[in-house]
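The lines below spell out each chain.
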Amino acid sequence: MRSLFWRILAAFWLALLLVAGLSILLGRALNQDTWVIARYPGLHDIAKQWTLRYETQGPDAAQKLLESRRQQYELSVQVLDETGQRLVNGTNLPRPPRPRGNFDRENLPRFPWRQLSQEYTSSRTDQTYLFIYRIPHPTLQAWHRSSLLWPLSALGIALVVLTVFSLLLTLSITRPLNRLRRAVHDLGQTSYQQDSLARLSRRGDELGVLARDFNRMGDRLQRLIGSQRQLLRDVSHELRSPLARLRIALALAERAGPEQRAAMWPRLEQECDRLEALISEILTLARLDAEPGPTSHIDLLPLFERLRNDAQLLHPEQHIQLDIAPPLALDGWPDMLERALDNLLRNALRFNPAEQPLEVRAEVADDRLHISIRDHGPGASEEHLAQLGEPFFRAPNQSSPGHGLGLAIARRAIERHHGKLRLANHPEGGFLASIDLPLHRRVS
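As the structure is a prediction and not an experimental result, all values here were calculated from the model. (Residues numbered from 1 in each chain as written. Predicted model: local features only at pLDDT ≥ 70, side-chain atom pairs only at ≥ 80, totals over all residues. Heavy atoms only, no water.)

## A word on the overall build of the chain
Helix and strand counts for the chain stand at 12 helices and 10 strands. Sequence-distant contacts, at least 24 apart, represent 65% of the contacts inside the chain between residues at least 6 apart. When the accessible surface of the chain is summed, it comes to about 27400 Å², and 54% of that surface belongs to carbon and sulfur atoms. (Helix = DSSP H or I, 4+ residues; strand = E, 2+ residues; numbered from the N terminus. Contact = heavy atoms within 4.5 Å. Areas by Shrake-Rupley, 256 points an atom, 1.4 Å probe, with all protein chains shown as cover.)

## Here we look at the packing of aromatic side chains
A complete count under the given rule lists five aromatic pairs for this structure. Aromatic side chains Trp50 and Tyr54 sit 4.8 Å apart centroid to centroid with 10° between the ring planes, which places their arrangement in the stacked category. Here Tyr54 and Trp50 lie together in helix H3 (residues 46–57), a separation of four residues that amounts to about one turn. Under the relative-accessibility criterion, Trp50 is labelled buried at 0%. Taking the relative accessible area as the measure of exposure, Tyr54 reaches 22% and is therefore partly exposed. Summarising the aromatic geometry, the rings of Tyr54 and Tyr129 are spaced 6.1 Å apart at their centres and angled 80° between planes, so their arrangement reads as edge-to-face. A residue pair is termed long-range when its members are at least 10 positions apart, and Tyr54 in helix H3 and Tyr129 in strand E3 (residues 128–136) qualify at 75 residues. (Phe/Tyr/Trp six-rings, centres within 6.5 Å; stacked < 30°, edge-to-face > 60°. Buried < 20%, exposed > 50% of the residue type's maximum accessible area, 1.4 Å probe, protein only.)

## Focus: the sheet that holds strand E1 (residues 76–80)
Strand pairing in a sheet relies on backbone hydrogen bonds. The paired strands run either parallel or antiparallel. One open sheet holds the three strands; their spatial order is E1-E3-E2, and the pairing between them is antiparallel. A single partner strand is all that each edge strand has here, and the edge strands are E1 and strand E2 (113–121). For this sheet the average axis-to-axis angle between neighbouring strands, irrespective of direction, equals 20°. With five bridges joining them, E1 and E3 adopt antiparallel strand pairing. The residue bridging Ser76 from the neighbouring strand is Arg134, located in E3. Packing against the sheet, H3 makes contact with E1, E2 and E3, and its axis sits at approximately 130° to E3. (Pairing = 2+ DSSP bridges. Axes fitted to C-alpha atoms, helices over the stretch in contact; angles between N-to-C directions.)

## Concerning the sheet that holds strand E7 (residues 358–365)
Strand order in the open sheet made by the five strands is E5-E7-E8-E10-E9, with mixed pairing throughout. The sheet is open, and its two borders are formed by strand E5 (320–324) and strand E9 (420–425), each paired with just one other strand. Sheet twist, expressed as the average angle between the axes of neighbouring strands with direction ignored, equals 15°. Helix H10 (residues 300–314) rests against E5, E7 and strand E8 (368–375) of the sheet, and its axis sits at about 180° to E5. Lying on the sheet, helix H12 (residues 406–416) is in contact with E9 and strand E10 (431–438); it crosses E9 at an angle near 140°.

## Looking at a nonpolar patch on the surface
Among the surface-exposed residues, Phe12, Trp13 and Leu16 lie close enough to one another that they form a single nonpolar patch of about 320 Å² accessible area. Among the structural elements, Trp13 can be located in helix H1 (residues 4–30). For Trp13, a relative accessible area of 48% corresponds to the partly exposed category. (Patch = residues over 30% accessible without salt bridge, like charges linked within 9 Å, V, L, I, M, F, W, Y side chains within 5 Å. Salt bridge = Lys/Arg side-chain N within 4 Å of Asp/Glu carboxyl O.)

## Here's the deal with the nonpolar core
In this structure, Leu300 and Leu344 are the most contacted members of the largest nonpolar core, which totals 39 residues. Elements supplying a minimum of two residues to this core: H10, E5, helix H11 (334–351), E7, E8, H12, E9 and E10. With sequence-adjacent residues up to four places away left out, Leu344 is seen in contact with Ile373, Leu407, Ala410, Ile414, Leu421, Ala433 and Ile435. Grouped together as the second largest cluster of nonpolar side chains are 23 residues, Ile46, Ala62, Val77 and Leu87 included. (Core = buried A, V, L, I, M, F, W, Y, C linked by side-chain atoms within 4.5 Å.)

## Here we look at unusual backbone geometry
The phi dihedral of Asp126 is positive, around 60°, even though this residue is not glycine. Mapped onto the secondary structure, Asp126 falls in the loop between E2 and E3. For His418, which is not glycine, the phi dihedral falls at a positive 60°. When you line up the elements, His418 lands in the loop between H12 and E9. A relative accessible area of 35% means that His418 is categorised as partly exposed.

## Observations concerning the pattern of salt bridges
It is possible for side chains of opposite charge to pair when their charged atoms get near one another. Under the defined criterion, the tally for this structure stands at six salt bridges. Here Asp213 and Arg216 are joined by a salt bridge, their closest N and O atoms 2.2 Å apart. Taken as a pair, Asp213 and Arg216 lie in helix H8 (residues 206–255) at a separation of three residues, close to a single helical turn. Note on Arg216: relative accessible area 52%, which makes it exposed. One salt bridge in this structure joins Glu338 and Arg306, with 3.5 Å as the shortest N-O distance. Of this pair, Glu338 sits in helix H11 while Arg306 sits in helix H10, placing them 32 residues apart in sequence.

See the structure below:
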C-alpha cells in the first residue's frame, strides 16, 4: 500500500536533495573557467584587445596593456604562442607571505591564486594564442560575494523547487479531502452517491482506505435509513388491520345485546393478542439494532436441545433430528441467537410433514461454524426466495399465521454475530436455512 505518510516524507526529502543538488551544480557551473573569464572584470575582453595591440602596435604596447590590467584588477596574465613560447614578459603577482604560528596547513590552498586558461584565435592572422590568468583567491571570493549572483540563484532555485513540490503535495491531499467533504455534505442531505468516491477509493494510500471506509459507512447508513423508513411504513400498514378489526368489533358490541356481546369477547381478546404479538415482534426487531452488551460463551448442543423440547410441546407429532457434536460453541449473545434459531425452527415446523424428521446439523469447517435446518415441506417459490427475510414479507400463497417478522429477526440477529443466513430450496426437496458463523470469536 502506498502510504500517504511515506509519500509526504519522500517528497520532503526529495525536495531537499533536489535543492542541494541543484545548488551544488549551480555552484560548479558558476565556478567554471569559461564563466569566470566571461564575467570577471578585466578578463572578458582582454584577449581581444591584447591580440589587436600585439598585431598592430607590437609587443611593448601589448605588455603595457597587461601591466595596466594588473594594477587595476590585481590580475596576472601570461601569453604563449602555439609552440609554448612567451610572446611578452607578462605580469606576475607577488607571492603572499606564509602564515606563521599555529595554522591549519591542510586547509590552505595549494596555490594562493586561481589559474585559468583561454585560447584565442585572431581574426586578422588566424594565429592562436594561449592566455594564462591568475587571480588571487581572496579577490575572486570577494567578487563572488559582491556580485550576489550565487546567493540569489541558490535562493531562486530553492523557492522554485519547494514551491513546485509543495503545490503538488498540497493538491494531492486537498483534492481528495474536498471530495470527502462534499460526500459528507451529501450524506448529511441524504443524497449521497457511492460512485462519487469511486475514483478516490481506488487509491492505495490512507485517503483511499478512508474513502472505502466512508463508502461502507454511507452504504450502511443509507440502508439503515431506508430500512427504518420501510419499517415505519410496514408497521403502520400491519397495525392498521388489527386496529380496524378491533374498532369494528367494538362498534358491533355497542349495538349488540348481552348474549351477542358475550360471544364477541373471545374475538376481541384474539385481536388484542394478535396486536400484542405484533408489537412484541416489532420491538424485538428494533432491539437488534441497539447495543446488546457484552458477549458470553454459548454451547450449541444444550441450546438446541432446549429449543427442541420447547418446539415439541407445540408440535408433539414432529420429530427433530439433531446432528451436533458436544464441543461446538461460540461467543455471542445467547438470547439473541436463541430467538433466531427458535424462529427458524418454528418456521420449518409449520411446513414439515409429520412423517419425516426435521434435520438440524452443525459442523465446523475452516474455522467457521455451519448450521443447517432442513424441512421436507413444499419449499418456497423461486421468485420469492430473494425477499425472504425482509420485514413483513409473506409469500402470497402462505396461509400460516404470522406477520413476516420471524425470518427478518433471525437474519438480523445472525448478522449481529457477523454471520450470514441463506434461505434456499433443498435440491432433494424441502426448504433449507443455512447459517455461517465465526467460531470462538468475540463479536461486537
